[in-house]
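Fold and contact review
Okay, here's what each chain looks like letter by letter:
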Amino acid sequence: MWDRLLTDCHVATMTAIPGNPLGIMRNAAIGIDGGRIVRVGSRTELAGFRAREVTALGGAWVTPGLVDCHTHLVFAGTRANEHAMRRAGATYEQIAEAGGGIVSTVSATRAVNMEELIAQSQRRLHALMAGGVTTVEIKSGYGLDTATELKMLEAAKALGVEEPVRIVPTLLAAHALPADAREGPARDAFVRMICEEMIPAAAKSKLATSVDAFCETIAFTREEVERVFTAARANGLPVRLHAEQLSNQNGAALAASYKALSADHLEHLDAIGARAMAATGTIAVLLPGAFYSLNEKKKPPIDLLRKEGVPIAIATDCNPGTSPLLNPQLAMNMACALFGLTSEEALAGMTVNAARALGLAHEVGSLGPGKAADLAVWGIEELAELGYWVGLSPERRIFGGRDG
Ligand code: DI6
Ligand code: FE
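Residues numbered from 1 in each chain as written. Chains lettered and ligands numbered in written order. Predicted model: local features only at pLDDT ≥ 70, side-chain atom pairs only at ≥ 80, totals over all residues. Heavy atoms only, no water.

1. Looking at the overall build of the protein
Looking only at helices and strands, one finds 15 helices and 15 strands in the protein. The buried share of the protein, taken over its 404 residues, is 58%. Long-range contacts, defined here as pairs at least 24 residues apart, represent 71% of the contacts in the protein between residues at least 6 apart. Roughly 15,700 Å² of accessible area belongs to the protein as shown, and the carbon and sulfur atoms make up 53% of that amount. Computed over 38 positive and 44 negative side-chain charges, the separation of the two mean positions in the protein equals 4 Å. (Helix = DSSP H or I, 4+ residues; strand = E, 2+ residues; numbered from the N terminus. Buried < 20%, exposed > 50% of the residue type's maximum accessible area, 1.4 Å probe, protein only. Contact = heavy atoms within 4.5 Å. Areas by Shrake-Rupley, 256 points an atom, 1.4 Å probe, with all protein chains shown as cover. Lys, Arg positive; Asp, Glu negative; His and termini not counted. Charge placed at Lys NZ, Arg CZ, Asp CG, Glu CD.)

So this is what it looks like as structure tokens:
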């Protein structure tokens, strides 16, 4: 006797079978026990199994719960004033000179206590969950000191305890340079603190599952990122990288050389970077919300990624500065409308490939025996409607086999 049987649905398992890349099963049913999927099969095949609860889904489509594999959703305050400044023509540098940018969120995040940080972040998490998300990666990076970075990671972890959602916390200590550590010995000392203090603390406390960095002219150099990655490796943590967002720093190739789980943004990625990523199975995480909010013109090289066989994931990049985006379906729609992805690619981008970017493909992002029973149930006629509607919400969200 299983816990639960979902019937009368069409399923995109996202496990490719020959001729059926999304693993679509029409007129299907899903057996769930102990929070895990025990079987996905045709309705008739599963008709003989008994369950304590049987839910007929009225012909809805079921997909894996969405995986938002790149967010900065734990922070305090907003930067709505910068939105207005940008509309009035202010540049990134002018905003920074006026005290805006990442460092203004750092001040706000340092100033609040844990309870307040959780409360503010929870509202954003609820929005993502309402959009069908069941796994959310959350980065630190608005602390820039060890205590606040750990406070952010703890807040992220607490959200996952309070809410029916899987949280994957990432240490993004190398996000920005504090105002008093932009150059010289102070800069070197800050990178040393990341390597010798923050990464070991995050690893020892098990608060972070990976280490991220921002490789860019306005952030960290390749050499500094290498120091961070070396420390991550020494502490047994996998790496990811914000790479090629505003310029080509050959960050993706560097990330691949450290077998990074993902390289993210990638507007300025070139063929060498794409080939390096393909060779190591590093996932390309595209963030159309940041592209849109910054009014960027250069798109990530989608055809190159396809040609080289680099798997593409999509995420909201939810953050207060460059991507105040709270809707996963809108991220998928933007990936289609702005970058030219197909609905199928966008769906894979927020399920199976996003799970791979987190090193969690064995657990989430696809539906099959042994996988977590994290599902989104959509009131749509055709699967292609995912990526088509702008801001669609699921009919039902199931986490660990339970509605919620
Ligand atoms: N790239 C981004 O787009 C965000 N972080 C990053 O490394 C910006 C975050 C912010 O402006 O608060
Ligand atoms: Fe980011």
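2. Side note on the packing of aromatic side chains
Inspection of every chain in the model, using the stated rule, returns 6 aromatic pairs. On the basis of an interplanar angle of 65° and a centroid distance of 4.9 Å, the ring pair of Tyr388 and Trp389 is categorised as edge-to-face. The aromatic ring of Phe75 is capped on one face by Arg124, whose charged end is 3.5 Å from the ring centroid. (Phe/Tyr/Trp six-rings, centres within 6.5 Å; stacked < 30°, edge-to-face > 60°. Lys NZ or Arg CZ within 6 Å of the ring centre and 35° of its normal.)

3. Description of the sheet that holds strand E10 (residues 262-265)
To summarise the sheet geometry, strands pair through backbone hydrogen bonds and adopt either a parallel or an antiparallel arrangement. Taken together, the 4 strands give an open sheet; going across it, the order is E9-E10-E11-E12, and neighbouring strands pair in parallel fashion. Here the strands that pair on one side only, and so sit at the sheet edges, are strand E9 (240-243) and strand E12 (312-314). Across the sheet, the axes of successive neighbouring strands diverge by a mean angle of 25°, strand direction being ignored. Direction of pairing for E10 relative to strand E11 (residues 283-286): parallel, over a ladder of 3 bridges. Looking at the pairing, Asp264 lines up with Val285 of E11. (Pairing = 2+ DSSP bridges. Axes fitted to C-alpha atoms, helices over the stretch in contact; angles between N-to-C directions.)

4. With respect to the coordination of the iron ion (ligand 2)
Looking at the metal site, the iron ion (ligand 2) is ligated by His70 (NE2), His72 (NE2), His242 (NE2) and Asp317 (OD), spaced 2.0 to 2.5 Å from it. Geometry at the iron ion (ligand 2) is irregular, judged from its 4 donor atoms and the angles of 79 to 165° they form at the metal. Along the chain, the residues donating to the iron ion (ligand 2) are arranged with the sequence spacing H-x1-H-x169-H-x74-D. With His72 in the loop between strand E5 (66-68) and helix H2 (80-87) and His242 in strand E9, the pair connects residues that are 170 residues apart, well separated along the chain. Comparing His72 with His242, the two get one shared label, buried. (Donors = N, O, S within 2.8 Å, 3.2 Å for Na, K, Ca; no water. Tetrahedral: all angles 85-135°; square planar, octahedral: opposite > 155°, others 65-115°.)

5. Here we look at the pattern of salt bridges
All told, the structure shown has 23 salt bridges when counted by the stated rule. Between Arg4 and Glu53 there is a salt bridge whose closest N-O contact spans 3.6 Å. In this pair, Arg4 is assigned in strand E1 (residues 2-12) and Glu53 in strand E4 (residues 51-64), connecting sequence segments 49 residues apart. Overall, the relative accessible area of 3% leaves Arg4 in the buried class. Members of the salt-bridge network, linked through shared partners, are Glu137, Lys139, Asp212, Arg240 and Asp264. (Salt bridge = Lys/Arg side-chain N within 4 Å of Asp/Glu carboxyl O.)

6. Remarks on the sheet that holds strand E3 (residues 36-42)
Read from one edge to the other, the open sheet built from 7 strands follows the order E3-E2-E1-E4-E13-E14-E15, with strand pairing classed as mixed. What marks the edges here is a single partner per strand, and that holds for E3 and strand E15 (402-403). Summarising the sheet, strand E2 (residues 24-33) and E3 pair through 6 bridges and their orientation is antiparallel. Along E3, the bridge assignment pairs Asp33 with Arg36.

7. Some points on the site of ligand 1
In the vicinity of ligand 1 there are 13 residues, among which Arg79, Tyr142, His175, Gln245 and Thr322 approach most closely. Contact between ligand 1 and Arg79: an oxygen atom at 2.8 Å from a side-chain N or O atom of the residue. One nitrogen or oxygen atom from the side chain of Tyr142 is found 2.6 Å from an oxygen atom belonging to ligand 1. Computed on the free molecule, ligand 1 has an accessible area of 320 Å², of which 98% lies beneath the protein chains in the complex. Across the shell around ligand 1, the residue classes tally to 3 nonpolar, 8 polar and 2 charged. (Near = heavy atom within 4 Å. Polar contact = N/O pair within 3.5 Å; in protein donor to acceptor, adjacent residues only side chain to side chain. Nonpolar A, V, L, I, M, F, W, Y, C, P; charged D, E, K, R; others polar.)

8. Focus on the side chain of His242
For His242, a relative accessible area of 3% translates into the label buried. Contact partners of His242, with chain neighbours within four places excluded, come to His70, His72, Lys139, Leu172, Asp212, Ala213, Phe214, Cys215, Asp264 and His265.

9. Remarks on the packing of helix H5 (residues 114-130) against helix H6 (residues 146-162)
Relative to each other, H5 and H6 sit at 55°, their axes nearing to 9 Å. What the angle tells us is that H5 and H6 run oblique. Judged by the sense of rotation from one axis to the other, the crossing of H5 with H6 is right-handed. Each of Met114, Leu117, Ile118, Ser121, Gln122 and Leu125 in H5 lies in contact with H6, whose residues at this interface are Lys151, Met152, Glu154, Ala155, Ala158, Leu159 and Glu162. Within the contact of H5 with H6, the residues separate by chemical class into 8 nonpolar, 2 polar and 3 charged. (Parallel < 35°, antiparallel > 145°, perpendicular 65-115°, else oblique. Left-handed = near helix turned anticlockwise from the far one by under 90°.)

10. Observations concerning empty space enclosed by the protein
A water-sized probe rolled over the atoms picks out the places where empty space is left. A full pass over the atoms with the stated rule returns 3 cavities of 30 Å³ or more. Volume-wise, the largest cavity comes out at about 250 Å³. Together, 22 residues line the largest cavity, and Tyr92, Ile102, Phe214, Asn319 and Thr322 are the ones closest to its centre. Going through the elements one at a time, H2 and helix H3 (92-97) are the ones with two or more residues in the lining of the largest cavity. Broken down by element, the lining of the largest cavity gets its largest block of residues, 3 residues, from H3. Its residues assigned to classes, the lining of the largest cavity comprises 9 nonpolar, 9 polar and 4 charged. In this structure, the second largest cavity occupies an estimated 40 Å³ of space. (1 Å grid on protein atoms, 1.4 Å probe; cavity = no way out; pocket = protein on both sides within 12 Å on 5 of 7 lines; lining within 4 Å. Points joined across faces, edges and corners; volume = space filled by probe spheres on them.)

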